[in-house]
Structure formats: C-alpha cells, structure tokens
Amino acid sequence: MAGNVLTVRETGSDGSQGREISITDVEFAPLAFEALRDAKLHQRLDIPLRGRGRVHSTQGLDIHHGKIATFSTILESRFTSKAIGLVQGGWLPSALAHIADTVVLPDRCVVAQLASRLKDGITRNGSEPDFIDLFAANPVRINPLLFVLEGDQGSNPTPDQLRRHLAEARTKLRSALPNCEIVAGDDQGLRGVLGLIEDTREGAQRKQTFLLEINQYVKSPVSRQRRDVVWNRVVDAAARHGLPTASLVVLAALSAVVSPQKNNPAKGLLKFGQEYALADVYNALADIRALEILTALFGFFPHEHLMLCTADRDMALFWVGLAASNFRAQDGRCTYDINPTLLLPNISATHWGSVFGTSN
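Since this is a predicted model, take the numbers as computed values, not measurements. (Residues numbered from 1 in each chain as written. Predicted model: local features only at pLDDT ≥ 70, side-chain atom pairs only at ≥ 80, totals over all residues. Heavy atoms only, no water.)

J.: Could you clarify how one ought to interpret the overall build of the chain in this entry?
T.: Check the secondary structure of the chain and you find eleven helices and 14 strands. In terms of overall dimensions, the chain is globule-like: its C-alpha atoms have a radius of gyration of 22 Å, near the 21 Å expected for 360 residues. Relative to its 360 residues, the chain shows a buried fraction of 47%. Here the chain has roughly 17500 Å² of accessible surface; of this, 48% comes from carbon and sulfur atoms. Here the chain carries 38 positive and 38 negative side-chain charges, and the mean point of each set is 3 Å from the other. (Helix = DSSP H or I, 4+ residues; strand = E, 2+ residues; numbered from the N terminus. Rg over C-alpha atoms; globule rule 2.2 N^0.38 Å. Buried < 20%, exposed > 50% of the residue type's maximum accessible area, 1.4 Å probe, protein only. Areas by Shrake-Rupley, 256 points an atom, 1.4 Å probe, with all protein chains shown as cover. Lys, Arg positive; Asp, Glu negative; His and termini not counted. Charge placed at Lys NZ, Arg CZ, Asp CG, Glu CD.)

J.: Could you clarify how one ought to interpret empty space enclosed by the protein in this entry?
T.: Left-over empty space is what a probe sized like a water molecule reveals as it rolls over the atoms. As enumerated under the stated definition, the model contains one cavity of 30 Å³ or more in all. Lining the largest cavity are Asp-107, Leu-146, Leu-149, Glu-150, Ala-286, Asp-287, Arg-289, Ala-290 and Met-315. Of all the elements in the fold, those that place two or more residues in the lining of the largest cavity are α3 (145–150) and α9 (278–300). Ranked by residues supplied to the lining of the largest cavity, first place goes to α9 with four residues. (1 Å grid on protein atoms, 1.4 Å probe; cavity = no way out; pocket = protein on both sides within 12 Å on 5 of 7 lines; lining within 4 Å. Points joined across faces, edges and corners; volume = space filled by probe spheres on them.)

J.: What am I meant to see in the packing of helix α6 (residues 227–240) against helix α7 (residues 248–258) here?
T.: Their axes nearest at 9 Å, the elements α6 and α7 cross at an angle of 170 degrees. Our classification of the angle between α6 and α7 gives roughly antiparallel. The segment α6 lies against α7, with Arg-227, Val-230, Trp-231, Val-234, Val-235 and Ala-238 engaging Val-250, Ala-253, Leu-254, Val-257 and Val-258. Among the residues making up the contact of α6 with α7, the classes are represented as ten nonpolar, no polar and one charged. (Axes fitted to C-alpha atoms, helices over the stretch in contact; angles between N-to-C directions. Parallel < 35°, antiparallel > 145°, perpendicular 65-115°, else oblique. Contact = heavy atoms within 4.5 Å. Nonpolar A, V, L, I, M, F, W, Y, C, P; charged D, E, K, R; others polar.)

J.: Looking at this structure, I do not really get the sheet that holds strand β6 (residues 90–93). What am I missing?
T.: The strands that make up a sheet pair up through hydrogen bonds in the backbone, lying either parallel or antiparallel. Sheet architecture is open: six strands sit in the order β6-β5-β12-β7-β10-β11, paired in mixed fashion. The sheet is open, and its two borders are formed by β6 and β11 (181–182), each paired with just one other strand. (Pairing = 2+ DSSP bridges.)

J.: Would you take a moment to explain the pattern of salt bridges for this structure?
T.: A pair can form between side chains of opposite charge whenever their charged atoms are brought close. The tally for this structure, following the rule as stated, stands at 13 salt bridges. A salt bridge links Arg-54 to Asp-25; the nearest nitrogen and oxygen atoms lie 3.9 Å apart. Residue Arg-54 is located in strand β3 (residues 46–59), and its partner Asp-25 is located in strand β2 (residues 17–28); the two are separated by 29 residues in the primary sequence. When its relative accessible area of 47% is taken as the criterion, Asp-25 is described as partly exposed. The residue Glu-292 makes a salt bridge to Lys-207 at a minimum N-O spacing of 3.0 Å. One end of the pair, Glu-292, is in helix α9; the other, Lys-207, is in helix α5 (residues 187–218), and 85 residues separate them in sequence. (Salt bridge = Lys/Arg side-chain N within 4 Å of Asp/Glu carboxyl O.)

J.: Would you mind showing me how to read the nonpolar core here?
T.: Among soluble globular proteins, nonpolar side chains are generally buried collectively. Counting residues in hydrophobic clusters, the biggest one holds 108 residues, and the most contacted among them are Trp-91, Phe-210, Leu-211, Leu-270 and Trp-319. For Leu-270, the residues in contact, after removing those within four places along its chain, are Leu-211, Val-249, Ala-252, Ala-253, Tyr-276, Ala-284 and Ile-288. (Core = buried A, V, L, I, M, F, W, Y, C linked by side-chain atoms within 4.5 Å.)

Structure (structure tokens):
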C-alpha cells in the first residue's frame with residue numbers, strides 16, 4: 001500500500017505476474033477474534049483482509065476506473081504489527097485502521113514506540129518495518145488523552161503530573177510525527193481529563209476493592225471442577241461492591257474464570273497474580289477505563305472515525321471478544337450491545353442468566 005492506494009497482484013507458483021488491481025480511498029473491514037489470536041504480530045504479518053474502495057487502475061481485469069469495488073485477499077506484508085488498532089467491529093494493524101479524519105488514541109506504550117521508532121517522520125536505522133511507521137506517510141490526528149490519563153506512577157495523576165504528561169506527549173508526538181495534528185492537547189483538553197478522573201473516582205475505588213478481593217480466587221489457574229464455585233464468588237463480590245455483572249471489569253473477571261487458562265486474555269488484562277499490588281490493579285483498571293472511554297466516544301460521536309491504538313494484545317483480544325455494537329447515546333449516557341460468547345465459552349444458561357438476565 002503506497003499512500004492511500006492499495007495494489008493487489010496475483011502471483012503464479014512460478015513467480016509469474018497475473019492480474020492486478022489498484023484501489024484508492026481504501027476502507028478495511030475490521031478483523032475478528034481468531035485472526036488476532038492466531039496472528040504473529042512480531043513477525044512479518046500475513047492476514048486475511050476484506051474491504052472496499054475506488055478502482056484506480058487494473059491489469060487483466062474488466063473493471064472501470066472510478067468504480068466502487070470490494071475486495072478480499074491475504075495480505076503478505078513485510079511489516080510487523082506491534083501496535084493494534086481497536087475500532088468498531090474488531091481490530092486492524094495500526095495504520096490500516098487509519099482512514100481520512102480518523103482520530104487516533106494511542107496508549108503510553110504506543111507513544112513510546114512512535115518516539116523510539118521515528119524521528120521527524122523517518123524510521124530510525126535498524127528498526128524492522130512495522131505498520132505503525134506508516135502513520136508518517138500522511139497527516140494523522142492524535143488525541144493524547146489515554147497517555148495523559150494513565151500516568152506513570154501506578155495511580156491517578158495529580159494536576160501537576162497531568163500537565164507534565166501532556167507536555168511529554170506533545171514533545172514525543174511532534175518529534176516522531178511532525179505533521180500530526182494533536183487533538184485536545186491544550187488546557188481545555190487537560191480540564192477534560194481532570195473532570196474524567198473526578199467523575200470516575202468513586203467507581204474506580206469500588207472496582208479496585210473488587211479486584212483485590214477476587215484475586216485470591218483467580219490468581220492460580222481455575223480448574224474445571226472449581227469454576228462454578230469461583231464464578232459465584234465473583235458474582236457475589238460484584239454485587240457487594242455495587243458493580244453490574246455486565247460491566248467490563250466484572251465480565252473480564254468472569255472471563256478469567258472460564259476461559260482456557262493457557263490463552264486467557266482477560267486474566268492478562270486484569271493482571272491477576274500471586275503478588276497483586278495496587279499499581280497492578282491501577283494499570284488493569286486504566287486499560288478497562290480506556291475501553292470504557294472508547295465505547296463512550298463511539299456512542300457520543302457516531303460520525304467520527306475513532307481508533308484506540310494499543311500494544312497490549314490481551315486488551316485487544318478482550319475488546320474484540322466483546323463483539324460490542326450498536327453504540328448509542330441517550331440522556332447523557334452511552335449504551336451498546338455485546339455478545340461475549342468467545343470470552344465466556346461453554347457456560348451454562350444459568351451462568352449466562354446471572355450476567356445478562358437471560359439464557360443464551
């Protein structure tokens with residue numbers, strides 16, 4: 001893909017060139033859970049891609065220039081994809097999720113990647129090509145909210161720390177991507193972050209207490225024989241701490257109980273372990289809060305193109321596994337539908353009903 005043009009070529013088994021099509025104004029369809037679960041993101045990425053765009057040129061195909069066309073192909077790229085773009089309906093490698101006017105919300109790890117990989121829009125020597133480098137190809141709009149909000153002390157930043165983090169984000173982003181547009185990177189944006197911290201403080205405290213309590217049940221692999229008992233303990237703890245069972249933090253906890261223990265993104269997302277410090281809990285809730293912010297933005301700004309860009313595979317798998325859809329805002333609240341069957345595999349109708357009030 002060069003600029004905003006995608007070129008797909010057929011290659012015969014003998015290396016001969018076959019048909020070819022170039023498409024501009026490309027929009028890729030989000031990828032699903034299995035594609036992310038199976039992807040080797042730190043290697044040159046081969047992934048199935050579907051999408052649509054406008055025909056730019058063809059060879060060996062009877063398709064008119066300017067026609068809107070859909071495509072399905074296997075992308076055999078020379079890029080890794082250490083950063084994952086979370087969008088409505090799934091995920092994409094970071095730069096592939098970016099289309100015109102998309103607002104990118106990178107987390108702290110992604111900002112660090114940009115700063116270490118790029119200088120003045122040029123990839124530093126020795127860096128293996130990654131999709132994130134393609135942000136330098138065109139102007140990109142970046143909102144540093146998540147970087148600023150997370151902080152680096154394992155706790156909610158103070159106002160002075162927020163100002164320092166905002167200045168740090170601007171410096172790193174400008175150094176890596178001098179042509180980027182920083183959205184909400186001024187004092188007004190800072191006031192919005194402060195308001196968000198205050199608005200969510202009480203709920204964050206209840207979530208923290210909840211996670212600290214249930215860690216004792218989930219820190220070790222949960223055997224099949226213990227699942228019912230641990231599930232009920234998690235549901236009871238959520239009720240005592242005033243947390244809806246369908247909230248993201250409780251869903252993640254329940255997923256950590258019932259998902260296969262060898263590949264359990266919810267357990268990784270919540271950072272459960274033998275040593276569960278307050279900083280671990282804060283970092284887990286910062287990731288949950290980032291996803292809650294993303295859902296709210298989808299509801300309140302339905303016509304905006306938005307992408308949360310993260311290097312956290314567990315967080316990304318949890319997002320895609322939620323199968324969230326139908327985002328809408330009403331009376332100052334955002335609601336949406338979910339179908340987390342991949343995060344809650346093979347659970348009973350009783351367990352499903354304890355979360356959603358209906359059987360699956």
